[in-house]
Amino acid sequence: MFESRVYNRIGLAGRFLRNCISRLGRATSRIHSATARNLAITVLMASLSAAGQTLTTLYNFGSNPHDGADPLAGVVFDKAGNLVGAAAIGGGPGRGTVFQLSPPGTPGGPWTETTLKRFHKNPDGAFPECRLIVTSTGELVGTTFAGGTNDGGIAFALVPPAVPGDPWKKQVLHNFGSFPGDAVNPNAGLLADGPVYYGVGSGGANFSGAVFQLTPPPRRGVPWTETVLYSFAERFSGDAAIPSSELIMDKKGNLYGTALLGGANDVGAVFELSPPVVAGGPWTEKVLFSFNGTDGSSPFGRLLRDASGTLYGTTSGGGAGEAGTVFQLAPPATTGEPWTETVLYSFSGGADGSSPTGGVVMNKQGRLFGTAQHGGNGGPRISGGVVFALDPPTQSGGPWTETVLYAFGGPDGFSPSSLLTLKNGKLYGTTDQGGVFGTGTVFVLKP
C-alpha cells in the first residue's frame with residue numbers, strides 16, 4: 001500500500017514540476033521569442049542536414065496561455081484525416097487538454113490546432129497521459145491519470161457536436177477508485193473490443209496494479225459497468241507489478257501487456273491474461289517473461305504482435321548498454337513451454353539513443369520504428385532523443401541493424417516518448433518537451 005501511494009505521489013509531483021517548468025518556458029519564450037525562433041531555425045536546419053531525413057514540425061505547443069503542454073502519448077488519425085491527441089498538462093487550469101490538428105487546405109500550409117477539451121479541477125479529470133481511441137461514430141475515448149470524484153482518474157468519451165463549431169461534450173465512463181480494490185491512476189490508453197474497453201491502472205486488491213473492463217450500458221444515460229478482471233499479486237511474489245502500457249488482444253481474446261516492476265527479478269515482466277472458459281468465471285494470468293536487467297528492465301510502451309504471435313516491445317532500461325532495449329518474445333512450439341526472448345537491439349545511451357518508452361511499429365517489410373527519449377546528437381552537446389529504425393537481418397539469426405532516422409535538438413522538439421503512428425510511409429509522433437515554446441511538439445517524419 002505504501003509503495004503504491006509513493007508511486008502515485010511521485011507521478012503527480014512529476015507532473016506538477018513539469019507544469020511549473022512548462023510555464024517558465026512559455027514565459028521565457030515570450031520574452032525572447034525572436035531569439036528562440038532564430039535558434040529553432042538554426043538547430044533544425046543543422047539537424048535536418050545531419051540526419052538526412054525530412055522532419056516537419058506540424059505544431060508547437062505553448063503558443064497561447066490556454067494551450068496544452070507535454071503531449072506524452074502521441075497522436076492518431078480520425079476519419080476526417082485530422083490528428084487527435086492528449087496533452088498531459090496545460091490548457092489554462094494546467095490539468096491537460098484533448099486537441100485536434102487539422103491538415104492545411106493548401107499543401108505546405110500550417111496545420112490548425114483546436115482544443116476540444118480543457119480539464120479543470122475535480123470532479124473533472126486531470127492529466128490525460130493516454131493515446132486516444134477514435135470510435136466509428138467519431139467519439140474520442142481515453143483516460144486521465146487523476147481527477148474525477150475520487151481523484152483516482154477517469155475513463156471518458158468526448159462526443160462530437162451535431163453542429164460543427166459547437167463544443168464537444170464529455171461523458172464520464174468510470175470514476176476510478178470507486179470501491180476497495182478498484183484500479184486507480186491509469187497512465188495508459190484503452191483497448192477497444194467492439195463496444196467493450198480494457199485498460200490498466202495502479203491500485204487493485206494488492207496495490208500492485210489491476211486490469212479492468214468497461215462494459216457499456218443498454219442505453220445512454222445509464223452508468224457503465226467496470227469489472228476488475230485481475231489484481232496483480234503483492235510485490236516480490238514473482239507476479240508482474242505496476243502495469244505500464246496499453247493492452248493488446250489476440251483472436252482468442254487473450255490480453256497482453258507489460259509491467260514496470262515485478263516478475264522473478266522485480267525489474268519488469270510481460271504478462272498474458274486469458275478469458276474464463278465458463279462465462280462469469282475468473283480470468284487467468286500468466287507471466288510470459290521476467291526481465292533480469294541484462295536483457296532489459298522496466299518495460300514501457302504498447303506491445304506489437306505479428307501474424308505468428310511473436311511480440312515486440314521496448315524496455316526503458318537494462319540491456320548491454322544499460323540504456324534500454326528493443327526485444328522480441330516468441331511463443332513456444334509446444335503449449336506450456338516457456339516463451340523465448342531475444343534482444344534485437346541494446347541502446348548505448350550515446351548517439352544511437354537511450355530510454356525507449358513508446359514501443360515499436362512495423363511496416364510491411366518487417367522494419368521496426370520507434371522513439372528513444374534521450375541520446376542522439378541533435379546539435380553541439382544536445383541529446384534530445386531520436387526516432388530510430390531497426391532492420392531485420394539478411395540471414396536468419398543475424399543481428400538487427402539500428403539506424404537513427406532523426407536526432408532532436410531542442411527547438412525542433414525534445415524527449416520523444418510516444419508510440420509512432422505509421423501512415424502512407426510517414427511517421428507521426430510527439431515530443432513532450434522542446435519546440436519553439438519548450439512545451440512539446442507534433443511532428444511528421446518521412447524516412
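Here the residue numbers are simple positions, counted from 1 along each chain's written sequence. With pLDDT at 70 or above as the cut-off, local features in this predicted model cover only qualifying residues; side-chain atom pairs require 80 or more to be listed or tallied, and sums for whole chains, interfaces and linings still use all residues. Excluding hydrogens and water, the side-chain values take into account all heavy atoms of the structure.

1. Structural notes on the sheet that holds strand β12 (residues 154-159)
Item 1. A sheet is described by the order of its strands in space; here four strands give the open sequence β9-β10-β12-β13, paired in antiparallel fashion. Pairing within the sheet leaves two strands with one partner each, and these edge strands are β9 (133-134) and β13 (169-175).
Item 2. Bridge analysis of β9 against strand β10 (residues 140-144) gives two bridges, and the strand direction is antiparallel. When the bridges of β10 are listed, Ile133 appears paired with Val141. Between any two strands, at least two bridges found by DSSP are needed for them to pair. Under the scheme used here, helices are H or I runs from DSSP no shorter than 4 residues and strands are E runs no shorter than 2 residues, and both carry numbers assigned from the N terminus.

2. Quick word on the pattern of salt bridges
When the charged atoms of two side chains with opposite charge come close together, those side chains can pair.
Item 1. By convention in these notes, a salt bridge is any Lys or Arg side-chain nitrogen within 4 Å of a carboxyl oxygen on Asp or Glu. One pass over the structure, following the stated rule, counts five salt bridges.
Item 2. Residue Lys117 is joined to Asp124 by a salt bridge in which the shortest nitrogen-to-oxygen separation is 3.0 Å. In terms of burial, Lys117 and Asp124 fall into one category: buried.
Item 3. Linking Arg235 and Asp266 is a salt bridge whose minimum nitrogen-to-oxygen distance equals 2.6 Å. Residue Arg235 is found in the loop between β18 (225-231) and β19 (240-243), and its partner Asp266 is found in the loop between β21 (255-262) and β22 (269-274); the two are separated by 31 residues along the sequence.
Item 4. Its relative accessible area of 15% is what places Asp266 among the buried residues. Residue burial is assigned from relative accessible area. The probe radius is 1.4 Å, only protein chains are included, and a residue is buried under 20% of its type maximum, exposed over 50%, and partly exposed in between.

3. Looking at the sheet that holds strand β34 (residues 441-446)
Item 1. On the basis of which strands lie adjacent, the open sheet formed by four strands has the order β1-β34-β33-β32 and antiparallel pairing. In this open sheet, the two edge strands, each paired with only one partner strand, are β1 (54-60) and β32 (421-423). Between one strand and the next, the sheet's axes are offset by a mean angle of 25°, whatever the strand orientation. Inter-axis angles, ranging from 0 to 180 degrees, are taken between N-to-C directions of lines fitted to C-alpha atoms, where helices are fitted over the stretch in contact.

4. Quick look at the pairing of β21
Item 1. With seven of eight residues buried, β21 lies mostly within the body of the structure.
Item 2. Pairing geometry for β19 and β21, over three bridges, is antiparallel. Paired with Pro243 across the strands is Ala259, a residue of β21.
Item 3. The turn linking strand β20 (residues 248-249) back onto β21 is made up of five residues, and Gly253 within it adopts a positive phi angle of 90°.

5. Quick word on the packing of aromatic side chains
Item 1. Stacked, tilted and edge-to-face are the three classes assigned to paired rings of Phe, Tyr and Trp, where Trp is represented by its six-membered ring and a pair needs centres within 6.5 Å; plane angles under 30 degrees give stacked, over 60 edge-to-face, the rest tilted. For the coordinates displayed, the defined rule picks out 16 aromatic pairs.
Item 2. Measuring from centroid to centroid gives 5.0 Å for Phe61 and Phe99, while their planes differ by 70°, and the two rings are edge-to-face. Highlighted residues: Phe61 in the loop between β1 and β2 (68-69) and Phe99 in strand β6 (residues 97-102), separated in sequence by 38 residues.
Item 3. Put simply, the rings of Tyr59, Phe61 and Phe99 pair up and form one aromatic cluster.
Item 4. The side chain of Lys117 reaches across the aromatic face of Phe119, ending 5.4 Å from its centre. By definition, being over a ring means that NZ of Lys or CZ of Arg is both within 6 Å of the ring centre and within 35 degrees of the ring normal.

6. With respect to the environment of Val172
Item 1. On the secondary structure map, Val172 appears in strand β13.
Item 2. Separated by 24 residues in sequence, Val172 and Gly148 have C-alpha atoms that sit 8.7 Å apart.
Item 3. Residue contacts are defined here by distance: any two heavy atoms, one from each residue, within 4.5 Å place the two residues in contact. Dropping the residues within four chain positions of it, Val172 is found in contact with Ile154 and Ala155.

7. Quick word on the side chain of Gln213
Item 1. By the element assignment, Gln213 lies in strand β17 (residues 210-215).
Item 2. What qualifies as a polar contact is a pair of N or O atoms within 3.5 Å, subject to a donor-acceptor requirement within protein and to the restriction that residues adjacent in sequence count only when both atoms come from side chains. In terms of polar contacts, Gln213 uses its side chain to reach the side chain of Tyr198, at 3.1 Å.
Item 3. Aside from chain neighbours lying at most four places away, what touches Gln213 is Val196, Tyr197, Tyr198, Thr225, Glu226, Thr227 and Leu229.

8. A few points about the side chain of Ser316
Item 1. With respect to the helices and strands, the residue Ser316 is situated in strand β25 (residues 311-317).
Item 2. The exposure class assigned to Ser316 is buried, which follows from its relative accessible area of 17%.
Item 3. Apart from residues no more than four positions distant in its own chain, Ser316 is found in contact with Ser297, Ser298, Pro299, Phe300, Ala323, Gly324, Ser355, Pro356 and Thr357.

9. Description of the confidence of the model for the chain
Item 1. What pLDDT expresses is the predictor's confidence in each residue, scored from 0 to 100. Across the chain, the average pLDDT comes to 88, with 87% of residues at or above 70.
Item 2. With pLDDT under 50 throughout, residues 1-51 is counted as low confidence; its partners more than four residues away or in other chains account for 64 contacts.

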